[in-house]
Every structure is written in structure tokens, then in C-alpha cells.
Amino acid sequence: MNARTLTSNGAPIPFTPQYFGALRESHTGLPAETLRARYAEDGYVLLKGALASEAVFDLREAYFRLFDSSFFKDGDARRGVFSGVEPKGMPGHGLAGHPAHTFVRSDVFRAFTGAAAMKTIAETFFDGPAELIRRTPLRHFIPGRKRSSRAHLDRTYIEGVAADVVTIWVPLGDCPIDVGGLLYMDGSHEDTVLENVRASAPNDRTDMRPITHDLKWLSDFSGRRWLYADYAAGDVVVHSPAIVHASLDGESDLMRVSTDVRFRRAGSPSDPRWLNDWSADDGY
Ligand SMILES: O=C(O)CCC(=O)C(=O)O
């Protein structure tokens, strides 16, 4: 039987054990030392059920309610299945006037990112006090567009030593592999070569900050697999600024919404570009 082929930004990658493996699962009930050891070893920690799934669905719904209900199958903004009807006359994603731009400035979103549970997660990995980084992007992928996150490292985009910055990637809703959640390149946080292959890697646009859009090419080049999970609402991934990650094109009608909540170690220098609310055209 032929292997299923997935795509990222339209570039194909076979869904086989050569290219894909499972993310290691952890949970907040594990001893903090174990979680920190896993973070050091893997460059990420997938915390299953770290947040209350209903709170995550509440946030998903609050965001989707900023759109016309015709955007959703059966008008169901909590589930958020794409109806096939695109909103009309709306600015591009995350630009002023778009719901994502409005939403990251809302009290409901700020209460979510500023919740004690979120900070506790960051402090577990710093083993010390953490401060929320204000700029918090909201991602929203609409099925059928063949648009996904290109392979990149966060430290290309935010200043600070790897030990002093963490990202908590939060899928806002269920996000199995066919919905296009984040993939992490196995062991890439310890591979200093990958960051320097941009010049020879295929690239589908002029922004040279991502390494490549071609996940198969990077896997063939490095001999490393992409690690994935069938994320459920409430799961989060804590990841290092040094790990290469990317995402797949969604094949399901379920829309992928997620946010990247970042913290820095209290007292460490802050990147001045990250002090304001996110806007898709802020250039960072
Ligand atoms: O959600 C995505 O596709 C990208 C998120 C990301 O790159 C990050 O959290 O650093």
C-alpha cells in the first residue's frame, strides 16, 4: 500500500517512520526535576491536559464569535469547523480590523495568557520566577489554503539566551495531525548546523528567517524525523528557542487556532520588539 503523503506549504512529505515519530508525552503531575530533565534532553515537553479543556474551548469560541456565523459549519463557533464560506471584506489575518488583532488585545485573551497556571508552567522550566512577554501571536489556519508554519527556530525572532526564554504553544481546540499542529524536529535543539543551511535550502519566499518550507528536504538533509502529536484541547507544548519546528497543511475542515505564549526569566533582558501587542505587520 502506498504511504499517505502529507504537505506543508504544499511541499509533500510521506507519512512514514522515516520522516515522522511521536512526541514524548508528559504531564504536570510529574516531578519538576523530571520535566526539566526532559526539556533539556528533548528541547520540548508536551504536557497532556495541562489546561482545563473547557477553558480552552471557551477561548476558541470567544475568538470565533468575532466572525460571522456563516464561517462555521452549522454556525457552531465553539467547534469551529470551516463551512467553506470565507469571511468577506476583512483585513488580512492579524492586521488592524481583523478579529485576531482585536482578540489579542481583549480582556478575555489577556486573562488566559496571564493565568497563574500558565506562569506556573514557565516557572517550572526556569526553576525560578518568570515574566510574561506581552507580544502574543494568534494563529488561525483555514483549511484548503496550503499555508503552514515554515521550519524555524524562535531564537531567530526573539533575542535572549535559550535558557531564559520559553514558548508555551497552546492549540485552542483539538488538533490531531490532519488539523496541522506543530511538529518538532527530533534533537534539533542540539544541532547547530541546521540554522546555517538556509542559503542552500529550498525556500518558497523571500523572507530568509525560516530555514525552509520543505520539511522532507530538511529531514533528508539532517537524517532527523519530525515529531508530532494528536493534540487535544488542554494540551500544551513548552519549547526551547533552539528547537526547529514547523507545521503541516490542514487536511481536515476543523480550523486550527493556536497561540504562542512566551515567558522570559525574571530579570533577564527583554527584547524591546516584543513589548507591545502582536500585529501581523509589526515585522517581528
Ligand atoms: O503555531 C504555529 O504554527 C507556529 C507557532 C510557533 O512557531 C511558535 O510557537 O514558536
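Before reading on, note that the structure itself is shown above.
Computed from a predicted structure; not experimentally measured.

Colleague: Let's hear about the site of the ligand: which residues, and what values?
Modeller: If you check the shell around the ligand, you find R139, S149, D154, T167, W169, L182, H245, S247, S258 and D260 and nothing else. Among the residues forming the shell around the ligand, the class breakdown is two nonpolar, five polar and three charged.

Colleague: Which residues make up the pairing of strand β11 (residues 236-239), and what values do they have?
Modeller: On β11, burial covers both faces: V236 and V238 on one face and V237 and H239 on the other are all buried. With four bridges connecting them, strand β5 (residues 44-47) and β11 associate as antiparallel partners. When the sheet's bridge partners are listed, V45 is paired in β11 with V238. Strand direction decides the pairing type here: strand β8 (residues 165-171) and β11, joined by three bridges, are antiparallel. Within β11, the position partnered with W169 by the bridge is V237.

Colleague: Give a detailed account of the pairing of β8, specifying residues and quantitative values.
Modeller: Burial within β8 is extensive, with seven of its seven residues counted as buried. Looking at chain direction, β8 and strand β13 (residues 256-265) are connected through seven bridges and run antiparallel. Considered in β13, the bridge of P171 is made with S258.

Colleague: Which residues make up the nonpolar core, and what values go with them?
Modeller: Counting 69 residues, the largest nonpolar core has I121, A122, I168, L183, Y184, V236 and V238 as its most contacted members. Once residues lying within four places of it in the same chain are set aside, the contact partners of Y184 are L23, Y44, L227, H239, I243 and H245.

Colleague: Outline the sheet that holds strand β12 (residues 245-247), listing residues and values.
Modeller: Think of a sheet as strands paired side by side through backbone hydrogen bonds, with each pair either parallel or antiparallel. If you trace the four strands from one edge of the open sheet to the other, you get β3-β10-β9-β12, paired in mixed fashion. Two strands lie at the open edges of the sheet, namely β3 (20-22) and β12, each paired on one side alone. Direction aside, neighbouring strands of the sheet carry axes that sit 40° apart on average.

Calculation notes
Residues numbered from 1 in each chain as written. Predicted model: local features only at pLDDT ≥ 70, side-chain atom pairs only at ≥ 80, totals over all residues. Near = placed C-beta within 6 Å. Nonpolar A, V, L, I, M, F, W, Y, C, P; charged D, E, K, R; others polar. Buried ≥ 20, exposed ≤ 12 C-beta atoms within 10 Å, placed from the backbone. Helix = DSSP H or I, 4+ residues; strand = E, 2+ residues; numbered from the N terminus. Pairing = 2+ DSSP bridges. Core = buried A, V, L, I, M, F, W, Y, C linked by C-beta atoms within 7 Å. Contact = placed C-beta atoms within 7 Å. Axes fitted to C-alpha atoms, helices over the stretch in contact; angles between N-to-C directions.

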